[in-house]
Amino acid sequence: MFSHRRLSFICLNVVAVLVVAGIGMYLEGQRTNQGTSAALSSPVPEAVAKPPPTIDEDHRQYLWQIEHHGNVLSRGDDGFRAFGDALSKADRKRLARLLARDFTGEALGKSPEEVRVANDFAEVVRLRNGPSSPEPLNGEMFLDRLMQHRSLFSRPPKAQFALMSLRPMDRNNLEGQWQGSGQLRMFGEMGSGRPGEAVLHLTYKVARPTSENLQAGGWLHGATIEQIQTGRAPHFLLHDATAQRGIDASRFHDNWSKNKPRLVIQPGGVFLCDFDRDGILDLLLVDAREIVLYKGMPDGTFREVTAALGLPQTWEGNTWPSPSVCAFVDLDGDGWEDLILGGRIFRNEGGQRFVDYTQRTNLRFSRDMSAVAVADFDRDGRVDLYLTRHGASKSDSWLTGTSAQRNRGNELWRNRGGWQFENVTEQSGTAGGDRSSFTAVWLDANNDGWPDLYVVNEFGNGVLLVNRGDGTFQERLLTNAPADFGTMGVTVGDIDNDGNIDIYCANMYSKAGNRVIGNVCAGTYPDDIMAKMRSFVQGSQLWRNKGGLQFEPVGKKMQVNGVGWAYGAALVDLDNDGWLDLFATCGFISQSRTEPDG
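Within each chain, residues carry numbers counting from 1 in the order of the written sequence. Residues qualify for local features only when their pLDDT is at least 70, as the model is predicted, and side-chain atom pairs are given and counted only at 80 or more; totals for whole chains, interfaces and linings, by contrast, use all residues. Computation of side-chain values: all heavy atoms of the structure, hydrogens and water removed.

### Observations regarding the overall build of the protein chain
Next, step 1: Numbering of helices and strands starts at the N terminus; helices are DSSP runs of H or I of at least 4 residues and strands are runs of E of at least 2. Helices and strands together make up the secondary structure of the protein chain, namely nine helices and 30 strands.
Next, step 2: Burial analysis of the protein chain (598 residues in total) assigns 47% to the buried set.
Next, step 3: Long-range contacts, defined here as pairs at least 24 residues apart, represent 56% of the contacts in the protein chain between residues at least 6 apart.
Next, step 4: Surface accessibility follows the Shrake-Rupley procedure with a 1.4 Å probe radius. Residue values consider only the protein chains on display as shielding. Working note: accessible area of the protein chain is about 29,300 Å², and carbon and sulfur atoms make up 50% of it. Any residue under 20% of the maximum accessible area for its type is buried, any over 50% is exposed, and the rest in between are partly exposed; the area is computed with a 1.4 Å probe on protein chains only. Whether two residues are in contact is decided by their heavy atoms: any pair within 4.5 Å suffices.

Set out below in structure tokens:
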């Protein structure tokens, strides 16, 4: 049996294999297509030597060597894991043994750029190099800086180093020094019950990271502190109140369970509403196994009312058109929120019960539908539905940017009243192309009063469908360059209070993927291919709406890109200060709750 550590490393390597092999499949397909076209007008030579579909073996081994060394440096007992352990214990002598005699470093200069957020909720300070030159450090001075940050904690914090990049300084000399970047994070208590963290962004130089060199000590030859971020709060920002509020979490599927249940990629979702209009939010929890509707009570607890209100309690034994599609929406305009549940339609009868109306409506869902977004796109007073389709598993290259199921597309259903709907996808131009769409979101992108639609794409850039106000939409890309990839969630809101709605795409992010692609030698693939490859792993993106349907990618600048393999994200004002905060999920299917993927 593999340990979690070993299995995680294997999984990261599998990702790298898929990336490299996928490029080969794409390029081979391009050559095949070009060859077919040429065959129509010219004879085919008897013997043509095919170029290799992937990078050469030496280059591939070079990439594997870097990842192997990275695993030794970051996860081995004598590399950055030992560094973090010594720092946690404030063991200066042990830290000193890891520094080389010729160690040189740099710290932030005298006038660093500062970003500060301080309120009753939390205080966060971020410092980066400003106009002044960095301050040079020797080994003792560098240790002083580390211990200064360690002293912020009232008890030994956890200290972890996340390896961001790594490569030999000279590709032709693996025995020489190596360089890279990473994040050193300490987190724990800065006083009784007062959580805090300190994160140092570093670039570093090390001896070749072999087990032998690391065991010998003196392997850290240099380190530059590029950024410092500290955060503290008078108490923990959130606490688990599930059981206290009357919800039994053990009923629901858990991919991290010790019992190792079957893996479920999309186990369900959580949906809020006030189905009985008593002014208290209610909660629908749709699980891989169960369907549970909780009624919100005046004391803040929840009481299960699933069966009492006529709803099914399990997916088993029922025919569900599209199990992943759920939403509360007033379909008949009577002021009571009806329920789309697994592709079946339930009418809310005055908050007293739900009645299955599926056979009374012409609205039908395919099993491959993934989500539903609701809005009155034509402003006729009736709520319409946009259904997304994420397609089958990818069978060709990720570089194509399309779903494996061509010409299926998403669907827009116009509500005609009386539980009758019209599929207006084709005439409205809202299929979204051949994108694989986990979800979509309505927003007024240009402030003209008409709902526009942003459609995400699992395999490339999404698309903004601009509502013309006449029942049709115009496709508009946020950028012409490769940007989003692996988008499995999206949320919108005005993050800078400028009156324009911004877009946050929850994408795939991988430190290992960034290292692999970052170490592919220049000229290996055409520039456009390399740009697409980099988009595979660069993470989530925040699109700032500048007005006039112009969007600026600011995810990396605002440091909200490196979340992990993300699904549902939410923009919500958690501290009631009038500014939207971002709750970004991470850990698609990681080996441990404490080590999310990415």
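### Describing the sheet that holds strand E28 (residues 550–553)
Next, step 1: Spatially, four strands are ordered E25-E26-E27-E28 in an open sheet, and the strand pairing comes out antiparallel. Each edge of the sheet is formed by a strand with only one pairing partner; in this case those strands are strand E25 (489–493) and E28. Mean inter-strand twist for the sheet, computed between neighbouring axes without regard to direction, equals 25 degrees.
Next, step 2: The rule for pairing is simple: two strands pair if DSSP sees at least two bridges between them. Sheet topology note: the strand E26 (residues 502–506)/strand E27 (residues 541–547) ladder contains three bridges and is antiparallel. Bridge pairing in E27 places Tyr-504 opposite Leu-542. Axis lines are fitted through C-alpha atoms, for helices just across the contact stretch, and the angle between N-to-C directions can take any value from 0 to 180 degrees.

### Structural notes on the pairing of strand E20 (residues 420–423)
Next, step 1: Here four bridges tie strand E19 (residues 411–417) to E20, and the two strands are oriented antiparallel to one another. Its bridge partner lying in E20, Gly-417 is registered against Gln-420.

### Considerations on the pattern of salt bridges
Next, step 1: Salt bridges are defined as contacts in which a side-chain nitrogen from Lys or Arg sits within 4 Å of a carboxyl oxygen from Asp or Glu. Scanning all chains against the criterion turns up 30 salt bridges.
Next, step 2: One salt bridge connects Lys-89 with Asp-85, and the closest N-O pair in it is separated by 3.4 Å.
Next, step 3: Under the relative-accessibility criterion, Asp-85 is labelled partly exposed at 29%.
Next, step 4: For Asp-276, the salt bridge identified is with Lys-295, shortest N-O distance 2.4 Å. Residue Asp-276 is found in the loop between strand E9 (269–273) and strand E10 (282–286), and its partner Lys-295 is found in strand E11 (residues 291–296); the two are separated by 19 residues along the sequence. Comparing Asp-276 with Lys-295 shows no difference in burial state: the two are buried.
Next, step 5: Through salt bridges with shared partners, a single network forms among Asp-332, Asp-334, Arg-347, Glu-349 and Arg-353.

### Observations regarding a nonpolar patch on the surface
Next, step 1: Patch membership is restricted to residues that have no salt bridge and whose relative accessible area is over 30%. Joining uses 9 Å for like charges and 5 Å for the nonpolar side chains Val, Leu, Ile, Met, Phe, Trp and Tyr. The grouping of Val-270, Leu-272 and Leu-281 at the surface amounts to a nonpolar patch, some 310 Å² of accessible area in total.
Next, step 2: As for its placement among the helices and strands, Leu-272 is situated in strand E9.
Next, step 3: The exposed category is assigned to Leu-272, whose relative accessible area is 55%.

### Brief notes about the packing of aromatic side chains
Next, step 1: The rule is short: rings of Phe, Tyr and Trp, with Trp giving its six-membered ring, pair when the centres are within 6.5 Å, and they are stacked under 30 degrees, edge-to-face over 60, tilted in between. Counted according to the given criterion, the structure contains 16 aromatic pairs.
Next, step 2: Judged by centre distance (6.1 Å) and plane angle (70 degrees), the rings of Phe-161 and Tyr-204 are edge-to-face. Taken together, the residues Phe-161 in strand E5 (residues 158–168) and Tyr-204 in strand E7 (residues 195–206) connect sequence positions 43 residues apart. Each member of the pair Phe-161 and Tyr-204 is classed as buried.
Next, step 3: Ring geometry for Phe-438 against Tyr-567: centres 5.9 Å apart, planes inclined by 85 degrees, an arrangement best described as edge-to-face.

### Section: the nonpolar core
Next, step 1: Ranked by size, the top nonpolar core spans 59 residues in total, and within it Leu-73, Phe-83, Phe-142, Tyr-204, Trp-219 and Leu-220 carry the most contacts.
Next, step 2: Residue ranges for the domains trace back to a domain assignment, done automatically or taken from a database. Shared between two domains, this core takes at least three residues from each, and those domains are domain 1 (57–232) and domain 2 (327–586). Among buried residues, those of type Ala, Val, Leu, Ile, Met, Phe, Trp, Tyr and Cys that are joined through side-chain atoms within 4.5 Å constitute a nonpolar core.

### A closer look at the environment of Arg-60
Next, step 1: In this structure, Arg-60 sits in helix H2 (residues 57–75).
Next, step 2: Its relative accessible area of 28% is what places Arg-60 among the partly exposed residues.
Next, step 3: As a C-alpha pair, Arg-60 and Val-520 span 460 residues in sequence and 8.9 Å in three-dimensional space.

### Regarding the side chain of Ser-370
Next, step 1: With respect to the helices and strands, the residue Ser-370 is situated in strand E17 (residues 369–375).
Next, step 2: Think of a polar contact as two N or O atoms within 3.5 Å of one another; within protein, one of them needs to be a possible hydrogen donor and the other a possible acceptor, and neighboring residues in sequence only count if both atoms come from side chains. A distance of 2.8 Å separates the side chain of Ser-370 from the backbone oxygen of Ser-437, its partner in a polar contact.

### Structural notes on the packing of helix H3 (residues 80–88) against helix H5 (residues 139–150)
Next, step 1: With their axes 10 Å apart at the nearest point, H3 and H5 run at an angle of 60 degrees to one another. Taken as axis vectors, H3 and H5 run oblique relative to one another. Together, Phe-83, Leu-87 and Ser-88 of H3 and Phe-142, Leu-146, Met-147 and Arg-150 of H5 make up the contact between the two elements.
Next, step 2: Amino acid classes used here: Ala, Val, Leu, Ile, Met, Phe, Trp, Tyr, Cys and Pro are nonpolar; Asp, Glu, Lys and Arg are charged; the rest, including Gly, are polar. Tallied by class, residues from the contact of H3 with H5 come to five nonpolar, one polar and one charged. Reported orientations rely on four angle classes, namely roughly parallel under 35 degrees, roughly antiparallel over 145, roughly perpendicular from 65 to 115, and oblique for the rest.

### Points about the pairing of strand E8 (residues 220–232)
It is a general feature of regular strands that their side chains alternate between the two faces of the sheet.
Next, step 1: For E8, the tally of buried residues reaches 11 of 13 residues, placing the bulk of the element in the interior.
Next, step 2: Sheet topology places strand E1 (residues 99–107) next to E8; four bridges connect them, and they run parallel. Looking across to E8, one finds that Leu-99 is bridged to Leu-220.
Next, step 3: Inspection of the sheet shows strand E3 (residues 123–128) paired to E8 by six bridges, in the antiparallel sense. Directly across from Val-125, in E8, lies its bridge partner Thr-230.
Next, step 4: Sheet topology note: the E7/E8 ladder contains 11 bridges and is antiparallel. The residue of E8 that forms the bridge with Leu-202 is Ile-225.

### Comments concerning H2
Next, step 1: A helix is expected to span 1.5 Å for every residue after the first. Under the 1.5 Å per step criterion, the end-to-end length of H2 is 26 Å for 19 residues, consistent within 8% with the ideal 27 Å.
Next, step 2: Of the residues making up H2, those classed as buried are His-59, Tyr-62, Leu-63, Ile-66, Glu-67, His-69, Gly-70, Asn-71, Val-72, Leu-73 and Ser-74.
Next, step 3: Its side-chain oxygen 3.2 Å from the backbone nitrogen of Asp-58, Asp-56 forms the N-cap of H2.

### Some thoughts on the environment of Phe-236
Next, step 1: As for its placement among the helices and strands, Phe-236 is situated in the loop between E8 and E9.
Next, step 2: Sequence separation between Phe-236 and Glu-189 is 47 residues, and the spatial gap between their C-alpha atoms is 9.8 Å.

### Regarding unusual backbone geometry
Only a minority of non-glycine residues have a phi that is not negative, and only a minority of peptide bonds are not trans.
Next, step 1: We note that Trp-419 has phi near 65 degrees; this positive angle belongs to a residue other than glycine.
Next, step 2: With respect to the helices, strands and loops of the structure, Trp-419 is situated in the loop between E19 and E20.
Next, step 3: If you check the backbone angles, Leu-549 has positive phi at about 60 degrees while not being a glycine.
Next, step 4: Residue Leu-549 is classed as buried on the basis of its relative accessible area, which comes to 16%.

### Quick look at the confidence of the model for the protein chain
Next, step 1: The predictor attaches a confidence to each residue, called pLDDT, with possible values from 0 through 100. Counting all residues, the mean pLDDT for the protein chain is 87, and 86% of those residues have values of 70 or more.
Next, step 2: Taken together, the stretch residues 1–15 has pLDDT below 50 and engages in 16 contacts with residues farther than four places along the chain or on a different chain.

### Topic: the sheet that holds strand E14 (residues 338–341)
Next, step 1: The strand order across the open sheet built from four strands is E13-E14-E15-E16, with neighbouring strands paired in antiparallel fashion. Each end of this open sheet is capped by a strand with a single partner; those strands are strand E13 (326–329) and strand E16 (353–356). Adjacent strand axes in the sheet meet at a mean angle of 25 degrees when their direction is disregarded.

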